[in-house]
Amino acid sequence: MGKIIAIANQKGGVGKTTTCVNLAASMAATKRKVLVIDLDPQGNATMGSGVDKYEIAHSAYDLLIDELPLDQVVETETTGGYDLVAANSDVTAAEVKLMEFFARETRLRSALNNYKDNYDYIFIDCPPSLNMLTVNAMTAADSVLVPMQCEYYALEGLTALVDTISKLAAVVNSGLKIEGILRTMYDPRNRLSSDVSDQLKKHFGEKVYRTIIPRNIRLAEAPSFSTPVMYYDKTSSGAKAYLALAGEILRREEKLEQQSAKTV
């Protein structure tokens, strides 16, 4: 059965889209069947996947509002080797239209019901705010992966996000949990980065990934070439870090499967 992971943080500029695109490409490179759903009206994950957001026939709007089947909406030709539900400015209108519907927070979950098993992983790139699109993502998801910079304000934002996840779990998605916390744009020379990193490990323990995404110029350059970093410069520290993250997530899954098998 496929696993749905929302990549979310209410704070902008923490590496959500970078993580979504590069983690999806890394998973696809391990022969997993992967889908990326771009729910950010900026369409950065779409453009970073080699799909022109101005030329797409369908977007996440059609999936959420017009209820077109996923197989009619999905883009299969991407530079990352995964399938994509694209986004553009139409998705802003989707956020407004969603307010008119009954059970509006479950529209994405309903859209994915018949297709979840077609994929090993579905990654949802959320907008940098707690709006109805993000709520839809978290209602559909099994878990939330939180990218964050190791700085003071990011730590405050994480507290608010954890509270949001708890409230959504209580109301619309009882199985929702934190998949993991990913430290991004990490600079080991920065004392504050080390201090915040230590606080994260103290409070969240094993939920904090061992893999750290460094500040890396190749990661920053890759989107301008409309491709994940592993296909732009596979030797870069950024590419190696996201491949390591994919490996860490897969090992965690195997460990959980082994533990559940023992308890049966």
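Criteria and cut-off values
Residues numbered from 1 in each chain as written. Predicted model: local features only at pLDDT ≥ 70, side-chain atom pairs only at ≥ 80, totals over all residues. Heavy atoms only, no water. Helix = DSSP H or I, 4+ residues; strand = E, 2+ residues; numbered from the N terminus. Polar contact = N/O pair within 3.5 Å; in protein donor to acceptor, adjacent residues only side chain to side chain. Contact = heavy atoms within 4.5 Å. Phe/Tyr/Trp six-rings, centres within 6.5 Å; stacked < 30°, edge-to-face > 60°. Buried < 20%, exposed > 50% of the residue type's maximum accessible area, 1.4 Å probe, protein only. Lys NZ or Arg CZ within 6 Å of the ring centre and 35° of its normal. Core = buried A, V, L, I, M, F, W, Y, C linked by side-chain atoms within 4.5 Å. Pairing = 2+ DSSP bridges. Salt bridge = Lys/Arg side-chain N within 4 Å of Asp/Glu carboxyl O.

> Any chance you could explain the side chain of Thr78 here in plain terms?
Assignment of secondary structure puts Thr78 in the loop between helix H4 (70-73) and strand S3 (83-85). Among the polar contacts listed, one links the side chain of Thr78 to the backbone oxygen of Tyr82, at a separation of 2.6 Å. Not counting the four nearest positions on each side in its chain, Thr78 is found in contact with Ser49, Val51 and Leu84.

> So what exactly am I meant to see when it comes to the packing of aromatic side chains here?
In total, this model carries 2 aromatic pairs according to the counting rule given. With a centroid separation of 5.8 Å and an interplanar angle of 5 degrees, the aromatic rings of Tyr121 and Phe123 are classed as stacked. Here the two residues Tyr121 and Phe123 agree in accessibility, since each one is buried. Ring centres 4.8 Å apart and planes at 25 degrees place the aromatic pair Phe225 and Tyr232 in the stacked group. Given the relative accessible area of 53%, Phe225 is considered exposed. Over the ring of Phe101 we find Arg107; its NZ or CZ atom is 3.9 Å from the centre of that ring.

> Even after reading the chapter, I still don't get the nonpolar core, so can you show me in this structure?
Taken as a class, soluble globular proteins show a tendency for nonpolar side chains to be buried jointly. Residues Ile37, Leu108 and Ile124 are the most contacted members of the largest nonpolar core, which totals 53 residues. The element that contributes the greatest number of residues to this core is helix H8 (residues 152-171), accounting for 7 residues. Once residues lying within four places of it in the same chain are set aside, the contact partners of Leu108 are Ile37, Leu39, Leu63, Leu64, Ile124, Asn136, Ala137 and Ala140. Counting residues in hydrophobic clusters, the runner-up holds 34 residues, among them Met27, Val36, Leu84 and Tyr242.

> What is the right way to look at the pairing of strand S4 (residues 121-125) in this model?
The side chains of a regular strand alternate, residue by residue, between the two faces of the sheet. Burial within S4 is extensive, with 5 of its 5 residues counted as buried. Taking every second residue as pointing to the same face, both faces of S4 are buried, with Tyr121, Phe123 and Asp125 on one and Ile122 and Ile124 on the other. Across 5 bridges, strand S2 (residues 34-38) lies against S4 in parallel orientation. Considered in S4, the bridge of Asp38 is made with Asp125.

> What exactly am I supposed to notice about unusual backbone geometry here?
Glycine aside, residues mostly have negative phi angles, and peptide bonds mostly take the trans form. For Glu67, which is not a glycine, the phi torsion comes out positive at approximately 55 degrees. Within the secondary structure, Glu67 is located in the loop between helix H3 (60-64) and H4. Judged by relative accessible area, which is 56%, Glu67 ranks as exposed. A positive phi angle, close to 55 degrees, is found at Ala103, a residue other than glycine. Here Ala103 is to be found in the loop between helix H5 (90-98) and helix H6 (107-112). The exposure class assigned to Ala103 is partly exposed, which follows from its relative accessible area of 29%.

> Please explain the pattern of salt bridges as it appears in this structure.
It is possible for side chains bearing opposite charge to pair when their charged atoms get close. Per the stated rule, a full pass over the model turns up 14 salt bridges. Of the charged contacts in the structure, one is a salt bridge between Arg107 and Glu67, with a shortest N-O distance of 3.7 Å. One end of the pair, Arg107, is in helix H6; the other, Glu67, is in the loop between H3 and H4, and 40 residues separate them in sequence. Residue Arg107 is classed as buried on the basis of its relative accessible area of 14%. Among the ionic pairs, Arg252 bridges to Glu248, the shortest N-O distance being 3.8 Å. Here Arg252 and its partner Glu248 are both found in helix H11 (residues 237-263), 4 residues apart, which amounts to about one turn of the helix.

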